[in-house]
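Listed here are the chains, written in short residue letters.
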Amino acid sequence: MPYGLLLPILSLAAPAPPSADVSDRVSVRPELTISTLGFGSCARQERPQPIWEAINAAHCDAFVLCGDNIYGDSADPDVLRVKYALLAAMPGFAQLRQATPLYATWDDHDYGLNDGGAGFPGAAAAQKEFCDFFQVPSDSPRRTTPGVFDCVTFGPAGKRVQLILLDTRTFRSPLKKDPSNAKVTRPNTDPDATILGAGQWAWLERRLREPAEIRVVISSIQLVATEHGSEKWDNFPAERTRFLAMLRRTQAHGVVVISGDRHLAELAMLAPTDGAPYPLHDLTSSGLNQPIAQEPAARAKALTGVEAGPTPPKPQPNRHRLHERPYTGSNFALLRVKWAGAASSLRLEVCGLGGEVVLSRDIPLAELRPRSQ
């Protein structure tokens, strides 16, 4: 059933940005200067999604869906289509879609398979449904070649924000599970193991060599964290090392990472002493409507339709975390930019269900440069 028949309002969505070079998955929007960029991930389509009210109130210049945008978990395109229609029918999401440019990548559940990677037989069908729902232009290589990675650069020279949307699913090698606990993932040290695949790696290096003042890298899984047993870049340690080496080699400045997947929010930072060319921040924002442990149980159930789980007595370790505990309520994230020439700065925020700021970090843009610059 076409999306347009389910919800005609979708035809009013903000138009896709003009393409500068569709053959290389690059587009530009110099007319749109970013002051506030929003992010969110992990939205169960069968549950209420009241958080869109606060997201709409934030008046983002653009909003990025960072993965698990639906919980499709199917190789059947008809199933995925119905679940996307449930998201489309959320009034707050429809309002955001009318007023705000949307950009997206996927994670495992909208890819179609929990913890899925390369070789999933439903990948091509899932990519088509993803492209249809997010109204990807018909001439985009996201329509004709594997993977949903993409890049768009906003703003004029001096105020450019480059949004790099990675695909950590389509080309990813198999996970290595702990034989004693299938829920725990161990490092895959096979020298041929990959997260992005050769083509996407080459594409990423080209993007990092392009001019931009701020580069926002969307990775559906955490890049900085190394200690927990869930999915993360460190499950493929050579790939994580490769990413850091690429930042150093390209001298790409202004990089921040936004991740999802974890059903929690936290701010982590990798210091130059740990291999980063400058302080590398990874802001994890997840999920948009998951059980809310930090709010009263009755209110949480009324808002989300599910019982709130208990606050974990001890959070999973993350030595790079910049605060004591993750935030486990429903949340979204904002990147706010203060453009002031050499004194420009950005602010990373995690916001709760009502839009209240629960975690934040102010970063002078001058700090996000390799020491040689």
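Everything below is about the structure printed above this text.
From a predicted model like this one, the values you see are computed outputs, not experimental measurements.

A few words now on the environment of Gly92. Inspection of the secondary structure puts Gly92 in helix H4 (residues 91-99). When near neighbours in sequence (up to four residues on either side) are disregarded, Gly92 contacts Trp52 and Asn56.

So, on to the packing of aromatic side chains. According to the stated counting rule, one finds 15 aromatic pairs in the structure shown. Taking 4.7 Å as the distance between ring centres and 25 degrees as the angle between the ring planes, the aromatic pair formed by Tyr84 and Phe133 counts as stacked. One end of the pair, Tyr84, is in helix H3 (residues 77-88); the other, Phe133, is in helix H6 (residues 123-133), and 49 residues separate them in sequence. You can call Phe133 buried: its relative accessible area is 1%.

Our focus in this paragraph is the pattern of salt bridges. Inspection of the entire model under this criterion finds 23 salt bridges. With its nearest N and O atoms 2.8 Å apart, the salt bridge here joins Asp24 to Arg206. With Asp24 in the loop between strand E1 (19-21) and strand E2 (26-29) and Arg206 in helix H8 (residues 197-208), this pair connects stretches of sequence that are 182 residues apart. Note that Asp115 is salt-bridged to Lys177, the shortest N-O span being 3.0 Å. One end of the pair, Asp115, is in the loop between helix H5 (108-111) and H6; the other, Lys177, is in strand E8 (residues 176-178), with 62 residues separating them in the sequence. Here Lys177 falls in the partly exposed class, since its relative accessible area comes to 32%. Ionic contacts of the salt-bridge type, sharing partners, join the residues Asp24, Arg206, Arg207 and Glu210 into one network.

Let's shift gears to the nonpolar core. Among the nonpolar cores identified, the biggest contains 63 residues, and Phe39, Leu204, Val216, Phe243 and Leu280 are the most heavily contacted of them. Phe243 has contacts with Trp201, Leu204, Val217, Leu223, Trp233 and Leu280, leaving out every residue within four places of it along the chain.

This part is about the pairing of strand E10 (residues 214-218). Counting buried positions along E10 gives five out of five residues, so the element sits mostly inside the fold. Covered by surrounding structure in E10 are Ile214, Val216 and Ile218 together with Arg215 and Val217, the residues of both alternating faces. Judged from the five bridges that link them, strand E7 (residues 161-165) and E10 form a sheet pairing that is parallel. Across the sheet, residue Leu165 finds its bridge partner in E10, namely Ile218. With respect to chirality, the unit in which E10 leads through helix H9 (residues 237-250) into the neighbouring parallel strand E11 (residues 255-259) is right-handed.

To continue, consider the sheet that holds strand E3 (residues 36-40). Two modes of strand pairing occur in sheets, parallel and antiparallel, and in both the strands are linked by backbone hydrogen bonds. A sheet is described by the order of its strands in space; here six strands give the open sequence E5-E4-E3-E14-E15-E16, paired in mixed fashion. On the outer flanks of this sheet lie strand E5 (102-104) and strand E16 (357-364), each paired with one strand and no other. Going across the sheet, the axis of each strand differs from the next one's by a mean of 20 degrees, ignoring polarity.

Turning our eyes to something else, we now look at unusual backbone geometry. Cis rather than trans, the peptide bond between Ser286 and Gly287 has omega equal to -5 degrees. Looking at where Gly287 falls in the secondary structure, it is placed in the loop between strand E13 (280-284) and helix H10 (297-304). Phi is positive for His59, which is not a glycine, with a value near 50 degrees. Secondary-structure assignment places His59 in the loop between helix H2 (52-57) and strand E4 (62-65).

Turning our attention to the packing of H3 against H6. Following both chains from N to C, one finds H3 and H6 inclined at 25 degrees, their axes separated by 10 Å at the closest point. With respect to their mutual orientation, H3 and H6 come out roughly parallel. Of the two possible hands of crossing, H3 and H6 adopt the one that is right-handed. Together, Pro77, Leu80, Arg81, Tyr84, Leu87 and Ala88 of H3 and Ala125, Ala126, Glu129, Phe130 and Phe133 of H6 make up the contact between the two elements. Residue classes in the contact of H3 with H6 are distributed as nine nonpolar, no polar and two charged.

Here we come to the environment of Leu32. Take Leu32: it is sitting in the loop between E2 and E3. Exposure remark for Leu32: the relative accessible area of 15% places this residue in the buried category. Through-space distance from the C-alpha of Leu32 to that of Pro156 is 8.0 Å; in sequence the pair is 124 residues apart. Residues in contact with Leu32, not counting those within four places in the same chain, are Asp61, Pro101, Phe154 and Gly155.

The next point concerns empty space enclosed by the protein. Applying the stated criterion to the full structure yields one cavity of 30 Å³ or more. Taken as a whole, the largest cavity encloses approximately 40 Å³ of empty space. Thr168, Arg172, Leu175, Ile195, Ile221, Glu231, Lys232, Asn235 and Phe236 together form the lining of the largest cavity. Considering only residue class, the lining of the largest cavity consists of four nonpolar, two polar and three charged.

Take H9 next. Given a rise of 1.5 Å per residue, 14 residues ought to cover 20 Å, and the 20 Å separating the end C-alpha atoms of H9 matches this to within 8%. Structurally, H9 contributes buried residues whose contacts are with H8, E10, E11, strand E12 (266-270) and E13. Where H9 terminates, the next one or two residues include Gln251, which has phi positive at roughly 55 degrees.

Parameters at a glance
Residues numbered from 1 in each chain as written. Predicted model: local features only at pLDDT ≥ 70, side-chain atom pairs only at ≥ 80, totals over all residues. Heavy atoms only, no water. Helix = DSSP H or I, 4+ residues; strand = E, 2+ residues; numbered from the N terminus. Contact = heavy atoms within 4.5 Å. Phe/Tyr/Trp six-rings, centres within 6.5 Å; stacked < 30°, edge-to-face > 60°. Buried < 20%, exposed > 50% of the residue type's maximum accessible area, 1.4 Å probe, protein only. Salt bridge = Lys/Arg side-chain N within 4 Å of Asp/Glu carboxyl O. Core = buried A, V, L, I, M, F, W, Y, C linked by side-chain atoms within 4.5 Å. Pairing = 2+ DSSP bridges. Right-handed = clockwise from strand over helix to strand, strands pointing away. Axes fitted to C-alpha atoms, helices over the stretch in contact; angles between N-to-C directions. Parallel < 35°, antiparallel > 145°, perpendicular 65-115°, else oblique. Left-handed = near helix turned anticlockwise from the far one by under 90°. Nonpolar A, V, L, I, M, F, W, Y, C, P; charged D, E, K, R; others polar. 1 Å grid on protein atoms, 1.4 Å probe; cavity = no way out; pocket = protein on both sides within 12 Å on 5 of 7 lines; lining within 4 Å. Points joined across faces, edges and corners; volume = space filled by probe spheres on them. Expected span 1.5 Å × (residues − 1).

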